[in-house]
Structure formats: C-alpha cells, structure tokens
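# A look at the structure
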Amino acid sequence: MNNDRSFELKLGPDAAGETAVSINPDSDLGYRLALLEMLFNRMPMGIAVLDRNYCIQRYNPTWDDFSASYAPPSGKPLAPGVCYFDHLPHTEDTIKPLFDRALAGETVWENNVRLESGGIVTFWDVVLAPLVEKGEAVGILTVSLDVTERVKLRQNLEERVAARTQELQMLLDVAATANSALKLEEMLTKTLDLLVDLVQASRAGVGLMDEASGQWQSVILRPEQNVAPADMEKMLQAGLGVIQSGETLYIAPDATAGFLEPGALLPLQIQERKLGLLAIIGAPGSTFTPEQLDLFKSIAGQLSIAIEHAYLIEKTEDMAIAAERNRLARELHDAVTQTLFSASLIADVLPRIWERDPVQGRARLEELRELTRGALAEMRTLLLELRPATLTETSLAELLRQLVQAFGGRSRLPIELIVAGERPLPPEIQVALYRIVQEALNNITKHAGASRATITLQVDINDVTLAIQDNGRGFDVADKPVQSLGLSIMQERAQKIGADLTIESQIGEGTTITVHCPIANGTERMDG
C-alpha cells in the first residue's frame, strides 16, 4: 500500500484465477463520514441540498421540523425532488435572488431574512454555499437558523419603546399646553382640545369642585355640545364617587345599558386636596386598554398640577390686587384727604381773616388755591396708578409735571421741574424713570428736611439723563443707608433698563440722584 492511501490491484486468494479489485480500507475516512452524517442529522440548523433547478435533494430532520411548523397547506409536501418554491409558495421574490448568487459561486450570508408563505411570516439567518463540481456550481447547500421569535421579540420591544416614547411626548405636550395659559378656564379648554386630539377621544371634560362646599364649581366639555341634564347628572354623580375614592373608574361599552363608547373617569387631586374630575370618552366601538388607562392617570396628574398652579396664580393676583388697593387707599388718605382737610380748615377761617386783614387773607387764599391744585394733581396721579397704560401713553415730561404738583401741594415744598428736549421714550424706560422720581420725592418729603428740590430731565436722541436734587440734611454715602432710604429700589429699577444711577450726598449739603440711560441707537418708536 502506498503512503498516500490510494487504490491498488491485488490477486485475491478466492478469485479462482480471476483478477479482482481490492480496496485498502481507511478507518479515519469512515469515521469522518459517520461523524458528518451524525452532525447532518442532529444539527439544530436546518440543512438542505438543492440542485440547480431549486429542487430539494436532501434535508436533515431539523429542516423537516421547520417545514412541519411553517410550511403552508397550499404548498407541496416536503419530499426529495420537490421544488423549493412549490413547497414554500410566494417566497420566490425574496429567496431566488439569494439562490442565484450562490449558483454564481458566491457564499451568501444573510440575517433576518423575512419569508411570508400562505400568510405565515417567519425570519431566518441563512448561509447559502455553492456545491461545485469540475469548476461549476451544480447545487446549493443551505443552512437556515430560525430566528422568528428573536425578531418578533425585538419588534415587540421596538413597538413598546415607540409607544412609550409617544406616551411621554403626549405628557410633555399636555404639560406644555397646561402651563402655557395663566387663566384657569383658558388653560383647561386648550388642554382638553389637545387631549381629544392626542388620544383620539370623541370628547373630554373637566369638572372642578369647590373644596369648602363639596359642590361642583364649573364643568367644561370639549368639544362643546349639549348634554341632556339627566345624563349630565348621572356622570356627575359617578364623578363624585370617583373623587371620594381617588380611584379611576373605567366604563366599558355596553349596548344593552346604552353605553356605546368607552369612558374613563379620573380624580384630579394634589395629595389630600380633591380638585375635581377628568372624563375621557372614547370613539364609538373602541375600548381603552390598560396601557391607555395608565396614560390617562399620568395625564390627570399633570392636569392636577396645572390646576393647582392656576389656583396659586389667581390667589397671588388677588393678593396683589388687594395690596394695590390698600396702597391706593393709604395714598388717598395720606395725600388727598389730608390736603383737602387742610384746605377745608383754611376755607372755614378765610372770611374772618379777610375781614381782619385783607393782605393776610390774600395770602391764605393763595395757599388755599395751591392746596386745591395739589389735591387735583394727587387725584390725577392716583388715576394714573389705576390705569397703568397711561404711564406709557402720556409723555414723561407731563407725568413729572403732575407728580411735582401733587407732591408740592401735599408737602408745601417748592419743587422746580426743568425739561430740556422731549421725545417719546421706550415704555419700560419711561415707567422706570417715573417710578424713580416718585420714590425720590417720597424720600425728600419724608426724610430730607429740604426747603426746595429740583428735577431736571434732559432728553437727547441717544440717551436720557434725569437728576433729582434737594438742599436737605444729606447723609454720608460711605455709611450706605441705602436700604432705609429706599435707594436700593431706585437702583434696581435703573439696572433693569440698563441705566447708571449715582448718588452724591454730604451731611448738611443735600443730595443729588442722577440717572443716565442710553436709548438703543435711537430707533425706538417715535409715535406718541
């Protein structure tokens, strides 16, 4: 026997003189063939051999199992000689191009190949290798791994992620809409309109409850529609139970009971505070899934926060209005009332003074005139406070004239107003400068002990300069008595408009407050 284990001819002892062919058997080859056959039969991948006409020649048990699980009844039964596309009809568009690449000599690797045959959808990782004889591909070895469950799990996960992302976006949209409006009714209307659109509901509504009385305060339904009083009463009664329990109530469609649409009633609450009820009515013929009900709960939570926020804003506005009314009442009492009281006293004694001394009578008459003019100016100033828009509609020079008359009449302090240049100012600058003068005059009349004051307003095309000067007792700026004199308020107002505010003062020498504010490029509106 040659070392290369080739065939050779031998004379067999039992050949009876005949020449026989004898093979020197190779035990390793037999072992390898047996091992290959065992692997072919036991591999967890489906293995099949196809000829050039795509006919199945041989297949392993795993391929047979795949066929039993997925082959449609409309296809031919699996058997040697059956064409692959007769066995799995309607897969030719997907698989034939891959087979042809293998028959062209290419080893094809493809993952997640989608096959649909007879309405059955499967996914496969496949390897297609050409079977070559004398340099020509005579068939295809196919190796297929069933990944249907893996792909569907991944698709399900992607769908769940997409659904969750959509839910989060809905919550963000609801939160943004709910916080975009400060007025409660406007906020609820916008939010309900968005909610109807997002969840494809037929309608949605909110009922707000008065915590003190336990009665319904208001009901908003979107889109607006007339609801029979009896039906509304039923819903509100059910809503009361939901509010008290704090639990969501799902009403499934029930044609026998007259419910053609699904409904969800959800409590609106912040901790122990019971705010009201959110009702979501679905489209006819639909149902709400547990996932949708969970989403509705999250939306109800967002809406509860928005309602509480709106309540707090309304409460803050009410407090601000009350504080402003109290301030105006104090101003009316401290300024106008006292001025009119002084004028009334002078008017009472003026006839007797005139009879006794006409010269003194004329002086007191002039004083009376100044008091009444001051009271009139005070009233105009208070009217400005009641109509804040007037602070921007009237020129700054005119506003300062009224302010000077009001303070002069009240305090009997001579106040000179010097105006150089005049033009419309940006509203925020005009209001800030007016408030600074107002605060400065308050300080002068209450703290400075001055005998005169001067206000100078210089308006140029690109800037405005305002100076308030008095000859009062003054103070040491180094001691920084800013908080006690309210100067910090003036500094804050100046900073908000980008202005520089300086304070010059010496004890016994009076005080000068100067504000210099640039006007951006002089391009603000020039209309009055």
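Residues numbered from 1 in each chain as written. Predicted model: local features only at pLDDT ≥ 70, side-chain atom pairs only at ≥ 80, totals over all residues. Heavy atoms only, no water.

### Focus: the overall build of the protein chain
In plain terms, the rule: Working definition: helices are DSSP H or I runs of at least four residues, strands are E runs of at least two. Numbering for both runs from the N terminus. The classification of residues rests on relative accessible area computed with a 1.4 Å probe and restricted to protein chains. Under 20% of the type maximum is buried, over 50% is exposed, and intermediate values are partly exposed. To measure how exposed things are, a 1.4 Å probe is used in the Shrake-Rupley method; for residues, cover is taken only from the protein chains shown.
From N to C terminus, the protein chain includes 14 helices and 17 strands. Put simply, the protein chain has 528 residues, and 37% of those count as buried. Of the accessible surface of the protein chain, which amounts to about 30600 Å², a share of 54% is contributed by carbon and sulfur atoms.

### Regarding the nonpolar core
Short version of the rule: By convention a nonpolar core is built from buried Ala, Val, Leu, Ile, Met, Phe, Trp, Tyr and Cys residues, the set being connected through side-chain atoms within 4.5 Å. What makes two residues a contact is simply this: any of their non-hydrogen atoms within 4.5 Å.
In this structure, Leu 433 and Leu 466 are the most contacted members of the largest nonpolar core, which totals 40 residues. Among the elements that take part in this core, helix H12 (residues 427-448) stands out by supplying 10 residues, more than any other. In contact with Leu 433, other than residues within four places in its own chain, are Leu 396, Leu 425, Val 464, Leu 466, Ile 497 and Val 515. Counting residues in each nonpolar core, the second largest holds 34 residues, with Met 170, Leu 184, Leu 188 and Leu 268 among its members.

### Overview of the packing of aromatic side chains
To be explicit about the condition: Each aromatic pair joins two rings of Phe, Tyr and Trp (for Trp, the six-membered one) with centres within 6.5 Å, and gets the label stacked for planes under 30 degrees apart, edge-to-face for over 60, and tilted for any other angle.
Evaluation of the coordinates by the stated rule reveals 10 aromatic pairs. Ring centres of Tyr 84 and Phe 85 lie 5.3 Å apart, and the angle between their planes is 80 degrees; on these two criteria the pair is classed as edge-to-face. Both residues of the pair, Tyr 84 and Phe 85, count as buried. The structure contains a cluster of three or more aromatic residues connected by ring pairs, namely Tyr 54, Trp 63, Tyr 84, Phe 85 and Phe 99.

### Examining the pairing of strand S3 (residues 46-51)
Within a regular beta strand, the side chains point alternately toward one face of the sheet and then the other, so they alternate between its two faces. As a reminder of what qualifies: Strands were regarded as paired on the criterion that DSSP finds at least two bridges between them.
Counting buried positions over the 6 residues of S3 gives 5, a clear majority of the element. Both S3 and strand S7 (residues 136-146) contribute to a ladder of 6 bridges, which runs antiparallel. Among the inter-strand pairings, Ala 48 is bridged to a residue of S7, identified as Thr 142. By the bridge criterion, 3 bridges tie S3 to strand S4 (residues 56-59) in an arrangement that is antiparallel. If you follow Val 49 over to S4, its bridge partner there is Arg 58. Hairpin remark: S3 followed by S4, antiparallel, with 4 residues in the connecting loop; positive phi at Tyr 54, about 65 degrees.

### Focus on the sheet that holds S7
Our working definition: Interaxial angle, 0 to 180 degrees, is taken between N-to-C directions of lines fitted to C-alpha atoms, where a helix line uses only the stretch in contact.
Pairing within the open sheet is antiparallel, and its 5 strands lie in the order S4-S3-S7-S6-S5. Of all strands in the sheet, those bounded by a partner on one side alone are S4 and strand S5 (108-117). Mean inter-strand twist for the sheet, computed between neighbouring axes without regard to direction, equals 30 degrees.

### A short note on the sheet that holds strand S9 (residues 216-222)
If you trace the 5 strands from one edge of the open sheet to the other, you get S9-S8-S12-S11-S10, paired in antiparallel fashion. Each having just a single partner strand, S9 and strand S10 (249-251) make up the two edges of the open sheet. Each strand axis lies, on average, 15 degrees off the axis of its neighbour in the sheet, ignoring direction. Two elements, strand S11 (residues 263-270) and strand S12 (residues 273-281), share 8 bridges in a ladder whose sense is antiparallel. Bridge pairing links Gly 263 to Ile 281 in S12. Here helix H6 (residues 184-198) sits on the sheet in contact with strand S8 (203-209), S9 and S12, set at roughly 150 degrees to S8.

### As for the pairing of S9
Sheet topology places S8 next to S9; 6 bridges connect them, and they run antiparallel. When the bridges of S9 are listed, Leu 208 appears paired with Ser 218. Counting the residues in the hairpin turn of S8 and S9 gives 6 residues, including Gly 214, whose phi is positive at 75 degrees.

### Here we look at the side chain of Arg 423
For clarity, the cut-off: Polar contacts, as used here, are pairs of N or O atoms within 3.5 Å; protein pairs need one atom able to donate a hydrogen and one able to accept it. Residues neighboring in sequence count only if both atoms are side-chain atoms.
The topology assignment puts Arg 423 in the loop between strand S13 (415-420) and H12. The exposure class of Arg 423 is buried, given its relative accessible area of 13%. At a separation of 2.9 Å, a polar atom in the side chain of Arg 423 contacts the main-chain carbonyl oxygen of Ile 461.

### A few points about the confidence of the model for the protein chain
Note the cut-off: Here pLDDT means the predictor's own confidence in every residue, given as a number from 0 to 100.
Mean pLDDT over the protein chain stands at 81; residues scoring 70 or higher make up 82%. Contacts from residues 1-12, a stretch scored under 50 in pLDDT, to residues over four places away or in other chains number 10 contacts. For the stretch residues 19-23, pLDDT sits under 50, and the model shows 5 contacts to residues farther than four places along the chain or on other chains.

### Section: unusual backbone geometry
Going from Arg 222 to Pro 223, the amide bond is cis rather than trans, its omega being -10 degrees. Tracing the backbone shows Pro 223 in the loop between S9 and helix H7 (229-245). Within the chain, Asn 112 stands out as a residue other than glycine whose phi angle is a positive 55 degrees. Counting through the fold element by element, Asn 112 comes out in strand S5. Despite not being glycine, Gln 200 shows a phi value in the positive range, around 55 degrees. With respect to the element layout, Gln 200 can be found in the loop between H6 and S8.

### Concerning the environment of Gln 430
Within the secondary structure layout, Gln 430 lies in helix H12. Judged by its relative accessible area of 3%, Gln 430 is buried. Taking C-alpha positions, Gln 430 is 9.9 Å from Ala 397, a pair spaced 33 residues apart along the chain. Not counting residues up to four positions away in its chain, the partners in contact with Gln 430 are Leu 391, Thr 392, Thr 394, Ser 395, Leu 396, Leu 399 and Leu 425.

### As for the packing of H12 against helix H14 (residues 487-496)
As a reminder of what qualifies: Oblique is the label for every angle not falling under 35 degrees (roughly parallel), over 145 degrees (roughly antiparallel), or within 65 to 115 degrees (roughly perpendicular). Residue classes follow a fixed rule: Ala, Val, Leu, Ile, Met, Phe, Trp, Tyr, Cys and Pro count as nonpolar, while Asp, Glu, Lys and Arg count as charged, and any other residue, Gly among them, counts as polar.
Closest axis-to-axis distance for the H12/H14 pair is 10 Å, and the angle between their directions is 170 degrees. On the basis of their axis angle, the class for H12 and H14 is roughly antiparallel. Taken together, the residues of H14 that come into contact with H12 (itself represented by Ala 432, Arg 435, Ile 436, Glu 439, Ala 440 and Asn 443) are Leu 487, Met 490, Arg 493 and Ala 494. Grouping the amino acids of the contact of H12 with H14 by side-chain chemistry returns 6 nonpolar, 1 polar and 3 charged.

### Considering the pattern of salt bridges
Here the idea is simple: oppositely charged side chains can pair when their charged atoms come close. This is how the line gets drawn: Within this document, salt bridges are pairs made up of a side-chain nitrogen of Lys or Arg and a carboxyl oxygen of Asp or Glu, the two lying within 4 Å of each other.
By the definition in use, this model includes 12 salt bridges. The shortest N-O distance in the salt bridge between Glu 106 and Arg 101 comes to 2.8 Å. Residue class for Arg 101 comes out partly exposed when judged on its relative accessible area of 29%. The salt bridge partner of Arg 154 is Glu 158, with a shortest N-O separation of 3.8 Å. Of the two residues, Arg 154 and Glu 158 both sit in helix H5 (residues 148-178), 4 residues apart, roughly one turn of that helix. Judged by its relative accessible area of 39%, Arg 154 is partly exposed. Because the salt bridges share partners, they merge into one network encompassing Arg 101, Glu 106 and Glu 110.

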